[in-house]
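Letter by letter, the chains look like this.
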Amino acid sequence: PADFSSIQAAIDAAVPGDRIAVAAGLYRETLRLKAGVPVEGAGADRTTVEGDGLAPVAALVDCDARTFLQGFTLRGGQADFGGGVLVRGGAPVVTLNLITGNSAASSVPGLYGYGGGIALLDSDAEVRDNVLSGNSADYGGGLHLEGGAPRVSRNLISGNTAGVGGGLDAYVFYGSGATITGNTLSGNTAAYGGGVELAGPGQPQVTDNLILGNTASGPASSGYGGGLDAYYSNAWILSNTLSGNQARVGGAASIVPDQSPALVNNILYDNHATITGGAVDLQPGGSIVQANIFFLNTKGTCSGGAASLCSDPGNLATDPLLADPAAGDFRLRPGSPAIDSAAPAW
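Before going into details, it helps to say that this report is about the structure given with it. (Residues numbered from 1 in each chain as written. Predicted model: local features only at pLDDT ≥ 70, side-chain atom pairs only at ≥ 80, totals over all residues. Heavy atoms only, no water.)

1. Overview of the overall build of the protein
Secondary structure summary: the protein contains 1 helix and 43 strands in total. At 20 Å, the protein has a C-alpha radius of gyration in line with the 20 Å of a compact globule built from 346 residues. In terms of principal-axis extent, the alpha carbons of the protein reach across some 65 × 50 × 35 Å. Considering the protein as a whole, with its 346 residues, one finds that 53% of them fall into the buried category. Contacts in the protein between residues far apart in sequence, at least 24 positions, make up 73% of those at least 6 positions apart. (Helix = DSSP H or I, 4+ residues; strand = E, 2+ residues; numbered from the N terminus. Rg over C-alpha atoms; globule rule 2.2 N^0.38 Å. Buried < 20%, exposed > 50% of the residue type's maximum accessible area, 1.4 Å probe, protein only. Contact = heavy atoms within 4.5 Å.)

Next comes the structure, spelled out in structure tokens:
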């Protein structure tokens, strides 16, 4: 603020190649970033941008990979798409932010709100090392992505709520993809896909995530996929840990294939269903289910018309001897029958 009266005034004055450094403090405004101009706060614990409840707190439209939004708490936004952050097109980087207390809702009857924390639309954006917590939407309480090939990595996505996809909702078009890797999704709630909702004919890569303690609950026709719900999806769900999730059907996961989704090399441990499919509910249609660990899941392990896929001899249904799952340590202890049991082709 020593040089400009607001962050937006600095953005408006900047040219590509400039960098905007924002000092610690509370800024009550909404931002529209400019391609090639990084905007960096003094840290999420020190620099807060509070929206007006009428628009995204920050919008990045057709911003390139030189455009960073970094080091802020972003709160108090509301929009049809991206209450906290809206990214449309381009390939910007959103990193090291706390995105909390935002919502996505439509004022038009019959329409929906997408991405309470962040919405990525037809974008190749990189979203990494953020905390998305306490946001809400109809689709994607923490984050909604649709089209493009975004990379969502190493974020903590917790305590968000939605109708579909409490933590994250992804609709991936044919010929496009998304990479969702190394995130922790915990304590999120939705009617479908408490932690993650996946849909669309594309093939997102969902790898190395911790999906813990999420809940899918609702009326009798909902409550599918406590940790993850893949609905007419071709997602590759590889090397994730799903534990402590709850749903009516599919405590850890519910999968309705589009063509050939894959559930491979995952740990599905101590999940709970109130009706059936404590670990996973599998519907017919070409899923690949290999080299997973199924243990301590209540209301049976697998249900649905393709439940027999869980009987593939590569899947392990005995105690895997995890180090300390109650404390979040899912490593294998010496002597575990799961050592060297992964499917190597994946």
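From this point on, the discussion continues.
2. Some thoughts on the side chain of Asp169
Within the secondary structure, Asp169 is located in strand β22 (residues 168–171). Within the structure, Asp169 has its side chain in polar contact with the side chain of His144 (distance 2.5 Å). Each residue touching Asp169, except ones within four places of it in the same chain, is listed here: Tyr139, Gly140, Leu143, His144, Leu145, Val164 and Glu197. (Polar contact = N/O pair within 3.5 Å; in protein donor to acceptor, adjacent residues only side chain to side chain.)

3. Describing the side chain of Ser243
Its place among the elements puts Ser243 in strand β32 (residues 241–243). One polar contact links the side chain of Ser243 to the main-chain carbonyl oxygen of Tyr269, over a distance of 2.9 Å. Each residue touching Ser243, except ones within four places of it in the same chain, is listed here: Ile211, Leu212, Gly213, Tyr269, Asp270, Asn271 and Phe330.

4. Focus: the pattern of salt bridges
Across all of its chains, the model carries 8 salt bridges by this definition. Notably, a salt bridge pairs Arg66 with Asp64, separated by 2.8 Å at the nearest N-O pair. Judged by its relative accessible area of 48%, Arg66 is partly exposed. Residue Arg128 pairs with Glu126 through a salt bridge whose shortest N-O separation is 3.1 Å. Within the structure, one salt-bridge network assembled from shared partners comprises Arg28, Glu50 and Arg75. (Salt bridge = Lys/Arg side-chain N within 4 Å of Asp/Glu carboxyl O.)

5. Points about the environment of Gly116
Turning to its location among the elements, Gly116 is positioned in the loop between β13 (103–104) and β14 (118–121). Overall, Gly116 belongs to the buried group, its relative accessible area being 0%. Spatially, the C-alpha atom of Gly116 lies 25 Å from that of Ala220, the residues being 104 residues apart in sequence. Excluding residues that lie within four positions of it along the chain, Gly116 makes contacts with Gly82, Gly83, Gly84, Asn102, Ser103, Ala104, Asn135, Ser136, Ala137, Gly140, Gly141 and Gly142.

6. Quick look at the sheet that holds strand β41 (residues 302–303)
Across the sheet, which stays open at both edges, the 11 strands sit in the order β3-β6-β10-β14-β18-β22-β26-β30-β34-β38-β41 with parallel pairing between neighbours. Each having just a single partner strand, β3 (31–32) and β41 make up the two edges of the open sheet. Pairing between strand β38 (residues 280–282) and β41: 2 bridges, direction parallel. Across the sheet, Val280 pairs through a bridge with Cys302, a residue of β41. (Pairing = 2+ DSSP bridges.)

7. Some words on the state of the cysteines
Under the criterion given, the structure shown has 1 disulfide. The disulfide that involves Cys302 links it to Cys310, with 1.9 Å between the sulfurs. An S-S torsion of about -85 degrees defines the bridge between Cys302 and Cys310 as left-handed. (Disulfide = S-S within 2.5 Å.)

8. Describing the nonpolar core
If you look at the biggest cluster of nonpolar residues, it comprises 59 residues, and the most contacted ones within it are Leu198 and Leu228. The element contributing the most residues to this core is helix α1 (residues 7–13), with 3 residues. Other than its neighbours up to four places away in sequence, Leu228 contacts Val196, Leu198, Val206, Ile211, Ile237, Leu242, Ala252, Ala253 and Ser254. Formed by 8 residues, the second largest nonpolar core is a distinct cluster that contains Ile267, Tyr269, Ile293 and Ala338. (Core = buried A, V, L, I, M, F, W, Y, C linked by side-chain atoms within 4.5 Å.)

9. As for the environment of Leu98
Positionally, Leu98 belongs in strand β12 (residues 98–100). Since its relative accessible area comes to 27%, Leu98 is described here as partly exposed. Sequence separation between Leu98 and Gln205 is 107 residues, and the spatial gap between their C-alpha atoms is 25 Å. Every residue in contact with Leu98, bar those within four places of it in the chain, is listed here: Ala44, Phe72, Thr73, Leu74 and Val131.

10. A closer look at the sheet that holds strand β15 (residues 126–128)
Ordered in space as β1-β4-β7-β11-β15-β19-β23-β27-β31-β35-β39, the 11 strands form an open sheet in which the pairing is parallel. On the outer flanks of this sheet lie β1 (20–21) and β39 (288–290), each paired with one strand and no other. The pairing of strand β35 (residues 262–264) with β39 spans 3 bridges and is classified as parallel. Along β39, the bridge assignment pairs Val264 with Gln290.

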